[in-house]
Each structure stands twice: as C-alpha cells, then as structure tokens.
Amino acid sequence: MLLVAIFLGVAGADAQNLAALPERSDTLQVTGAGPFLIRPLLVGGTVRILHAESVVSQSDFLLDYRQGYITFRSVAPDSSFTFVAHYQFIPLDLADSYSLWSEAGEESADGRRGVENSEIRSKLVTSGSITRGVLAGSNRDASIESGLRLQIQGEITPGVTVRAALTDENTPLLPEGTTRRLDQFDRVFIQFESRLGQANLGDLDAILLGTRFSSLRRKLQGASVRSNWLSSEGRFLTGGSFQAAAATSKGLYRSQNIPILDGVQGPYRLQGSRGERFILVLPGSEKIYMDGRLLKRGLREDYTIDYTTGEIVFTPLVLMGSDKRVKADFEYTTNQFTRTFALAEARVGLGRVNGSPALVLGVRAIREADGDQFSDEFGLSALDSLIIAESGDGPAVSSGAILVEYDAEASFTQYFGDVESVEGEEVVIYRAVDRQPFPDDKVYRVTFSFLGEGSGSYLRGAGLSNGIVYEYVGPGLGQYEPIRLLPAPTSQELIDIHARTASLAGIVIDAEWAVSRLDKNRLSSRDSADDVGNAYGITIESDPLSLLGSIHLKGRGEISRRNSSFVTFDRSRPIEFERDWNLSLGT
C-alpha cells in the first residue's frame, strides 16, 4: 500500500505539492546508452535533461521514475558525453524489500540473527516419506516406481491453521476392495481453518445431511468453504451458517438391484445407469444391502469388490440364494464427460426458546451437469449431434457399420451387408466375411452394442482368425445390435427449502419443500415436459409424556409426497421402502 501511494504521488503531483518538494540538479559524465542512476522517486513532469546546453527531447531517452534510471536512445556503446539532469524528487529512503522476519543467518536491525525466528516457522509440522523401487520380470523390462506421501499441519498466521495431505503414487492400480480400510493412492487435500470458518481444496468428500430430499454424498475435486457467519448471541437472529462448493464430480450415483442365483457367490457385475458394462467404481463409494442390512466389505466380512471391473463376490459368511434381496448404491465413472458440481447452503436461526433458536430456516441448492465440450471429447460429427438433438430423452443411436476396403490381413472382423426381408421390413443383415469378396460386394467394419438379453438380433461368438464374430439369430433372440450408442450430456438441479420450529411447548414441527429438474439430454429440447418435479414433507413430533411414572407416551405424525418427475441426488428413502409399502421397484 505504501509503494502504491508513492507511485500515485510521483505520477500525479499537483502544483501545490510540487512547491513543497526539493529540487536538484546533477551533472553526470557517462559512456554508452545506460541505464544511469539519477535518483529514485523522481516526480513526473519535473525532469529536464540538458546536453551541450540544449534540452534533450523526451523521445530520445527512457526514464524510470520509481527507480530513477535513465537510458538514452540511439547512443553508441563507446560514446562518452556529459549531461545535466534538473528534477524534483520525493525525499524518502526505501529499501528494495521488506520482511516481517529476517532471513535465516542474516542480522536484523537490532543485531539479532534470523535463525532465532525459527520458533515461528516451527509451528508447521511436516512428516511423510518418499519411496523408490525397481520392478523387473521375465516378461517385462525393468522400470522405476516412485511414491510420495506428505502431511503438513500447523499455524501459518495467528488464528489460521492449515492441514494438508499430499500423496502421489506412480501406479495405475485402484485400491483393492478386500479390506474394510482403503488407501487412496493419489490424493491432494488442503484445509485452512480459522474462527470465521474453513476452506478446503483438492479431493473432497461432500456430505450433506439433515433433510429429506437433498441429502448427498459425493467424491469431488475442487474447493469448498464453510462459515458460521452469524453469532448466536443476538435476540432476533440467533445464529447462521453458510457453505458452498465448486468442483468436478468424480462419478455418477447409481442404485442397482442385483438378481441372485441359487448357490452362486459371484461375481456379480455392477452396471451404469444406461447399461454400461465396463465402468470404474469409485473406491469406498459402494453400499451393499442384503434384505435391508448393510453389508461389510472384507475377506473376513461379507463381500469383496474389484473396483476396476465392478464385480462383487460374496464370502462364505453370506450364503446367497434367489430369495435374497440385494441392492447396491455406488458411484462410478465411464470417463464419458467432465462433470461439474456446485452447491450452496445457508441456514439462519430466528428467536430463542430454552436457549435454542425458535425457528431455523434453510435453503440448499445443488447442481450437477456434464461439461459443454462433449463434441470435442468424443469427436462427434454434425450428423451425430443432430441425432442426439432429435432423440429427446430416448437413446441416441447411429449405424455401427462403416464401409471399408476389403483387407485379408485386417486385425478386425469384416462383414458383408445383405438386404433381406424380416417381418415384412427390409433390413441389412451383417454376416462375417468367409470368402473372397466379389467385385460388387460391399464390405463393412461393424460396431455392435450390447442391449441386454432378448433385446437384440445378434449373439456374440468366436471367429476362426480375426477374433470376435457376431452372428445374426433373429429379432428378440440375441443381445446385440449393429448400432453405436451416442452419449447424451445430462444435467440435474435441486432446490430445497426447509424449516424447523420448536416454539410450541413440547412440539417440534419440521417442514420441507423441494423442486428438482433432470434434463436427460442437454442437446435436445424434446421430451422436456417431465423434467421438473416437486416434493414436500411435514413432520410433527411431541416430547415424551410420562404416565403413571413408568409409562412414556410419544407422538409422531408425518406426511410426504412427491410426483413421478421428482429426482434426488442420493437415496432419500429407507432401503426397504418399496417392500414395506408393497410398491413396485423404482416407484
């Protein structure tokens, strides 16, 4: 701030101030173009340079008013001359730099050496390790593996503390889901905390609780802040808090019912919400329920999981059969889109009853959406984008067949495309090339997509030379179709308003209203009538009443309603809700 004020005074001094500043003339004999030091903190508009009793034009030199250096233009390096500088200046002697403490080993103004200030720096406690290793094998070249684990904790300024955990392991492996405790291989977490609140950076676990409809757990990468911005000492406003986060979401939430086979402990594969078979499950995000009971992960517990393939195997402690009801809640990623995540929540307390706020009001807003650069990420053509825009909320598909030149040495299976009549319609049926093509034969490279049992016309088989071959078996008899499933970007938003009051003696009232919006295809304006949904809930609960000393009576009433378009970010009902109320799954 001091240097800024000085600079403004140097550049914009008025006539009254100039009269109070000292004036000086210096004669300098120099060689070359410079730069040459006149004096620091020159006042703009007061500097005149004379050479041979003639005023030098300002276009013939460069002048640094702050440092006081002058550099001449068009002067040869071996040219010697004398010039006179007339100027006014600000009479301040400033050092080049200032610091709160002296550098280690450097003497301060009072004669003490900077090393004595190490007590202040020692408030930061660091620990960690660096590992190096060499891997070699009979079927691989030798390679060097390295890892870093660093922890920092302490006070950086009075009242502000920092906690940081940095890990960087040179390994592509995910943690093994065979133990109850997981080690994260690559993680960055930095937290700053003071009496006003805290700020977090890096890998975050967003946990929102306390409401019916907007509870959430997410693994994120980004930043979050939390503050208790209002003191609880007031009469009318009796406390308030705020939190917000902006990040990229590591995965998508999914709840899946797993059909169990008699006597088969596994593996059972988890799939994406659109039937994706090859997904990466985020380590530690899964919750596996059996008959309403939350299972424990581990070889000596109930199940193990391979996060890379998304496969679950149940241990002998849990004997599986077709009568078991198994449901999995988990987060997964398919690396299709970069998903952004944002949330904000504010709470405020009003009034006071028995030392607590009489009324607590809260607002929570959450948004999660796929990024806008999906066309660049997947290389979608203009026709693909048009197909997605025309598909609405339904699946967007394009032909999986590409016309190619026949290549007897191709590393992929090639197909003939024959037009045949199937159920009164002409369709192209693809059959693997089993002979030398005739001049008028068309050869294709075909991509097949898995649609599920009984939803396709092709079955997967083994070829003689070029790997996998898909064989046509008829409509509804196969699992695959010669189509390419195009990814559609989605977005989800939710706003939740909730209130809780205990102003009536012995009665607590909790009310909540929420509105959600789920756009299954951001590129399309079709099928948008069912994007928005709403829900509300009211709970009235009384304090326990004592009857005859040993009998306690407590009352509770609750009503909750949501329409079919309302969607939450996480599970908002008990795991056995459908069974308890005799509802079909997904109601």
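In this text, all values refer to a predicted model and were calculated from it rather than measured experimentally.

## Some remarks on the layout of surface pockets
At step 1: Roughly 640 Å³ of volume is contained in the second largest pocket.
At step 2: Lining the second largest pocket are 27 residues; nearest its centre among them are Arg217, Gly284, Ser285, Glu286 and Lys287.
At step 3: For the lining of the second largest pocket, the secondary-structure elements that each account for two or more residues are strand S12 (197–208), strand S13 (216–230), strand S18 (287–290) and strand S22 (326–333).
At step 4: Looking at which element gives the most residues to the lining of the second largest pocket, the answer is S13, with four residues.
At step 5: Counted by class, the lining of the second largest pocket contains eleven nonpolar, three polar and 13 charged residues.

## A closer look at the nonpolar core
At step 1: Counting 20 residues, the largest nonpolar core has Ile258, Leu270, Ile288, Ile312, Phe314 and Val326 as its most contacted members.
At step 2: Secondary-structure elements contributing two or more residues to this core are S18, strand S20 (303–306), strand S21 (311–314) and S22.
At step 3: If you tally residues by element for this core, the top one is S22, at four residues.
At step 4: Once you skip the residues sitting within four places of it in the chain, Val326 turns out to touch Gln256, Asn257, Ile258, Ile260, Ile288, Tyr289, Met290, Phe314 and Met320.

## Examining unusual backbone geometry
At step 1: Cis geometry marks the peptide bond from Gly34 to Pro35; its omega dihedral reads 15°.
At step 2: You can see Pro35 is positioned in the loop between strand S1 (23–31) and strand S2 (36–37).
At step 3: Each neighbour pair has its own omega, and for Gly266 with Pro267 the value is 5°, a cis peptide bond.
At step 4: Take Pro267: it is sitting in the loop between strand S15 (252–258) and strand S16 (268–269).
At step 5: Unusually for a residue other than glycine, Leu41 sits at a positive phi of about 60°.

## Digging into the confidence of the model for the chain
At step 1: Across the chain, the average pLDDT comes to 81, with 83% of residues at 70 or higher.
At step 2: The model gives residues 178–185 a pLDDT under 50, and that stretch makes 25 contacts with residues more than four places away or in other chains.

## Here's the deal with the side chain of Glu368
At step 1: When you line up the elements, Glu368 lands in strand S24 (residues 359–370).
At step 2: Engagement of the side chain of Glu368 in a polar contact is seen with the side chain of Ser249, the distance being 2.8 Å.
At step 3: Apart from residues no more than four positions distant in its own chain, Glu368 is found in contact with Arg218, Ser249, Gly251, Arg339, Thr340, Phe341, Ser491, Gln492 and Phe569.

## Thoughts on the sheet that holds strand S6 (residues 69–72)
Whenever strands of a sheet pair, they do so through backbone hydrogen bonds, lying parallel or antiparallel.
At step 1: Taken together, the three strands give an open sheet; going across it, the order is S2-S6-S5, and neighbouring strands pair in antiparallel fashion. Only two strands of the sheet have a single neighbouring strand rather than two, namely S2 and strand S5 (61–64).
At step 2: In terms of strand pairing, S5 meets S6 through four bridges, oriented antiparallel. Across the sheet, residue Phe61 finds its bridge partner in S6, namely Phe72.

## Regarding the environment of Leu343
At step 1: As for its position among the elements, Leu343 is in strand S23 (residues 339–350).
At step 2: Given a relative accessible area of 7%, Leu343 falls into the buried group.
At step 3: Spatially, the C-alpha atoms of Leu343 and Arg367 are 6.3 Å apart, while their sequence positions differ by 24 residues.

## Let's talk about the packing of aromatic side chains
At step 1: For the structure shown, the criterion picks out 17 aromatic pairs.
At step 2: Here Phe81 and Phe83 contribute two aromatic rings whose centre-to-centre distance is 6.3 Å and whose plane-to-plane angle is 40°, an arrangement assigned as tilted.
At step 3: Residue classification places Phe83 among the buried positions, given a relative accessible area of 0%.
At step 4: Between Tyr430 and Tyr444, the aromatic rings sit 5.6 Å apart at their centres with planes inclined by 80°, giving edge-to-face as the arrangement. With a gap of 14 residues between them, Tyr430 in strand S28 (residues 425–432) and Tyr444 in strand S29 (residues 443–446) connect regions that are remote in the sequence. We note that Tyr430, like Tyr444, is buried.
At step 5: An aromatic cluster of at least three residues, connected via ring pairs, comprises Tyr415, Phe448, Phe450, Tyr458, Tyr470, Tyr472 and Tyr480.
At step 6: Cation over ring: Arg277 sits above Phe450, and NZ or CZ is 4.3 Å from the ring centre.
At step 7: Note that Arg445 overlies the ring of Phe412, its terminal NZ or CZ placed 4.1 Å from the centroid.

## Re the pairing of strand S3 (residues 48–51)
At step 1: Pairing geometry for S3 and strand S7 (residues 80–88), over three bridges, is antiparallel. Residue Arg48 lies in a different strand from S7, and its bridge partner there is His86.
At step 2: Strand direction decides the pairing type here: S3 and strand S4 (residues 54–55), joined by two bridges, are antiparallel. Across the sheet, Leu50 pairs through a bridge with Val55, a residue of S4.
At step 3: Linkage of S3 to S4, two consecutive antiparallel strands, is achieved through a turn of two residues, within which Ala52 is found at a positive phi near 55°.

## Some points on helix H5 (residues 382–391)
At step 1: Among all positions of H5, only Asp384, Ile388 and Ser391 are buried. One face of H5 carries all of its buried residues, which in axial projection span an arc of 65°. Turned more than 90 degrees from where H5 packs its buried face, Ala382 and Leu383 sit exposed.
At step 2: The inward-facing, buried residues of H5 contact strand S25 (396–399) and strand S34 (483–486).
At step 3: Just beyond H5, the residue with positive phi is Gly392, at close to 65°.

Conventions adopted
- For every chain, the first residue of the written sequence is number 1, and numbering continues from 1 onward in sequence order.
- This being a predicted model, a pLDDT of at least 70 is required before a residue's local features are given, and a value of 80 or more before pairs of side-chain atoms are given or counted; all residues contribute to the totals for chains, interfaces and linings.
- The side-chain quantities take in all heavy atoms of the structure and omit both hydrogens and water.
- Grid points spaced at 1 Å and placed over the protein atoms alone form the basis of the search, with a cavity being a set where a 1.4 Å probe fits but cannot get out and a pocket an open set showing protein on both sides within 12 Å along at least five of seven lines. Lining residues have an atom within 4 Å of a point.
- Grid points are joined across faces, edges and corners, and a volume is the space filled by probe spheres set on the points.
- Secondary structure elements follow DSSP: runs of H or I of four or more residues count as helices, runs of E of two or more count as strands, with numbering from the N terminus.
- Lys, Arg, Asp and Glu make up the charged group, whereas Ala, Val, Leu, Ile, Met, Phe, Trp, Tyr, Cys and Pro make up the nonpolar group; the residues left over, Gly among them, are polar.
- In plain words, nonpolar cores are sets of buried Ala, Val, Leu, Ile, Met, Phe, Trp, Tyr and Cys residues tied together by side-chain atoms within 4.5 Å.
- Partly exposed describes any residue whose relative accessible area lies between the buried limit of under 20% and the exposed limit of over 50%, with all areas from a 1.4 Å probe on protein chains only and scaled to the type maximum.
- Contacts are assigned to residue pairs with any non-hydrogen atoms lying within 4.5 Å of each other.
- The predictor attaches a confidence to each residue, and that confidence, scored 0 to 100, is pLDDT.
- Contacts described as polar in this section are N or O atom pairs within 3.5 Å, which, within protein, must combine one atom able to donate a hydrogen with one able to accept it, while residues neighboring in sequence count only if both atoms come from side chains.
- Two strands qualify as a pair provided that DSSP identifies no fewer than 2 bridges between them.
- Note on aromatic pairs: the rings of Phe, Tyr and Trp (six-membered ring only in Trp) are paired at centre separations within 6.5 Å, and the planes decide the class, stacked below 30 degrees, edge-to-face beyond 60, tilted for the rest.
- Geometrically, a charge over a ring is one whose NZ (Lys) or CZ (Arg) sits within 6 Å of the ring centre while staying within 35 degrees of the ring normal.
- Arc, as used here, means the arc of the directions from the helix axis to the C-beta atoms.

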